[in-house]
Amino acid sequence: MFATALVALYLEDYVSEREYRAFVLIEQRMRGMTILPGTVSVMRRFLQERGNKFDTLLDFLTVFPKQLRVAKRMVTL
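Asks: Explanation requested: the overall build of the chain in the structure shown.
Replies: When its secondary structure is counted, the chain shows five helices and zero strands. Start at the N end of the chain and walk to the C end: the helices and strands fall as α-α-α-α-α. In terms of overall size, the chain behaves like a compact globule, its C-alpha atoms giving a radius of gyration of 12 Å where 77 residues would be expected to give roughly 11 Å. Among the 77 residues that make up the chain, the fraction classed as buried is 32%.

Rendered as structure tokens:
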């Protein structure tokens, strides 16, 4: 899940929005990763807060499940 979310982030930031959306759509349909948009949102938040609130991904993993539940609700609305 983390690796797929990081690939999606890379596509969005360095390739194009269109490639990002295509990748997410394929992953959702082929692998059933309906949680991927929420995971991408949470990973982006970690990258923004890295160095301030969280030093490492390990520190962030303690709040990851809660943030993913919130992101899942926001993405599906």
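Once the structure has been displayed, the description carries forward.
Asks: Would you mind showing me how to read helix 1 (residues 2–15) here?
Replies: Residues spaced three or four apart along an α-helix face the same direction, because each turn holds 3.6 residues. The terminal C-alpha atoms of helix 1, which comprises 14 residues, lie 19 Å apart, in line with the 20 Å expected from a rise of 1.5 Å per residue. Within helix 1, burial applies to Thr4, Ala5, Ala8, Leu9 and Leu11. The buried residues of helix 1 occupy one face: seen down the axis, they fall within an arc of 160 degrees. Away from the buried face of helix 1 by more than 90 degrees, exposed residues Ala3 and Tyr14 are located. Next to the buried residues of helix 1 lie helix 2 (17–31) and helix 3 (36–49).

Asks: Would you mind going over the nonpolar core with me for this structure?
Replies: Most often, soluble globular proteins have nonpolar side chains that are buried together. Ala8, Tyr20, Leu36, Val40, Val42, Phe60 and Phe64 are the most contacted members of the largest nonpolar core, which totals 18 residues. If you tally residues by element for this core, the top one is helix 3, at five residues. For Leu36, the contacting residues outside a window of four places in its chain are Thr4, Ala5, Val24 and Glu27.

Asks: Looking at this structure, I do not really get the packing of aromatic side chains. What am I missing?
Replies: Each pair of aromatic rings is reported with the distance of its centres and the angle of its planes. If you walk through the whole model with that rule in mind, you get five aromatic pairs. On the basis of an interplanar angle of 50 degrees and a centroid distance of 5.1 Å, the ring pair of Phe2 and Phe64 is categorised as tilted. Placement of Phe2 in helix 1 and of Phe64 in helix 5 (residues 64–76) is noted, with a sequence separation of 62 residues between them.

Definitions and cut-offs
Residues numbered from 1 in each chain as written. Predicted model: local features only at pLDDT ≥ 70, side-chain atom pairs only at ≥ 80, totals over all residues. Heavy atoms only, no water. Helix = DSSP H or I, 4+ residues; strand = E, 2+ residues; numbered from the N terminus. Rg over C-alpha atoms; globule rule 2.2 N^0.38 Å. Buried < 20%, exposed > 50% of the residue type's maximum accessible area, 1.4 Å probe, protein only. Expected span 1.5 Å × (residues − 1). Arc of directions from axis to C-beta. Contact = heavy atoms within 4.5 Å. Core = buried A, V, L, I, M, F, W, Y, C linked by side-chain atoms within 4.5 Å. Phe/Tyr/Trp six-rings, centres within 6.5 Å; stacked < 30°, edge-to-face > 60°.

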